[in-house]
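Structural description and commentary
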Amino acid sequence: APDEWVVAMKGVGRIVRTLREMPQPVITMLRGVAVGGGANLALASDFVVAAESARFCEIFVNIGLILDYGGHYFLPRLVGLAKARELAMLGDEIDGKTAAGIGLVYKAVDEDQLETEVETLANTLAMKSPLALRLIKEGLERSFDMSLPQVLDWEAAHQSIALQTKAHKEIVEFFLAAKKDKSQQNRVD
């Protein structure tokens, strides 16, 4: 019944929102086939690393449905409105290499390199400031609903917090010490 589908689809929405509102970056490793809701669920993450041979398809139009799992939100933001129309209204399948080429996913690699690439990305992100990652993720997400003056106000408020962290101050001290050492070394040479 329609009311049961509404409840089910709202549950899908909660899953997508949970991924988008998670403070940590979310990485999707994709091999095989991502069709319909599965493709859009992958796009809900912050980084999609796909096998070049992976296959994507916004199949909905081919079966008389509209996009779900946030597809109407993610597609135009990732690839622009013209390409989103093409993917959604034609329902053609594309491979991982093409998906990366149009900006639908972060990166496509040979399938035998997929796990290594995801691990490298995860390790790189793990080395970054958790606060900076959280605020960048939040700021980028919210920016679509804000004017430039609102974004600038948000940045001012949140940057003032980030500038006070111990991690930032340690990085600045390290940079200044390294610059001083290099300057002294240049004088000796």
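The following refers to the structure shown. (Residues numbered from 1 in each chain as written. Predicted model: local features only at pLDDT ≥ 70, side-chain atom pairs only at ≥ 80, totals over all residues. Heavy atoms only, no water.)

Where side chains of opposite charge bring their charged atoms close, a pairing between them can arise. In the structure shown here, the tally under the stated rule is twelve salt bridges. A salt bridge links E141 to R20, with the nearest nitrogen and oxygen atoms 2.4 Å apart. Of this pair, E141 sits in helix α7 (residues 130–143) while R20 sits in helix α1 (residues 2–21), placing them 121 residues apart in sequence. Among the residues examined, R20 registers a relative accessible area of 17% and is labelled buried. Through salt bridges with shared partners, one network takes in R20, D46, K137 and E141. (Salt bridge = Lys/Arg side-chain N within 4 Å of Asp/Glu carboxyl O. Helix = DSSP H or I, 4+ residues; strand = E, 2+ residues; numbered from the N terminus. Buried < 20%, exposed > 50% of the residue type's maximum accessible area, 1.4 Å probe, protein only.)

Ranked by size, the top nonpolar core spans 32 residues in total, and within it F56, L75, L104 and V105 carry the most contacts. Elements with a contribution of two residues or more to this core: α1, α2 (37–43), β3 (47–51), α3 (71–79), α4 (81–90) and α6 (114–126). (Core = buried A, V, L, I, M, F, W, Y, C linked by side-chain atoms within 4.5 Å.)

On to the sheet that holds strand β6 (residues 107–109). Reading across from one edge, β1-β3-β6 is the order of the three strands in this open sheet, with parallel pairing throughout. Each end of this open sheet is capped by a strand with a single partner; those strands are β1 (27–30) and β6. Mean inter-strand twist for the sheet, computed between neighbouring axes without regard to direction, equals 20 degrees. (Pairing = 2+ DSSP bridges. Axes fitted to C-alpha atoms, helices over the stretch in contact; angles between N-to-C directions.)

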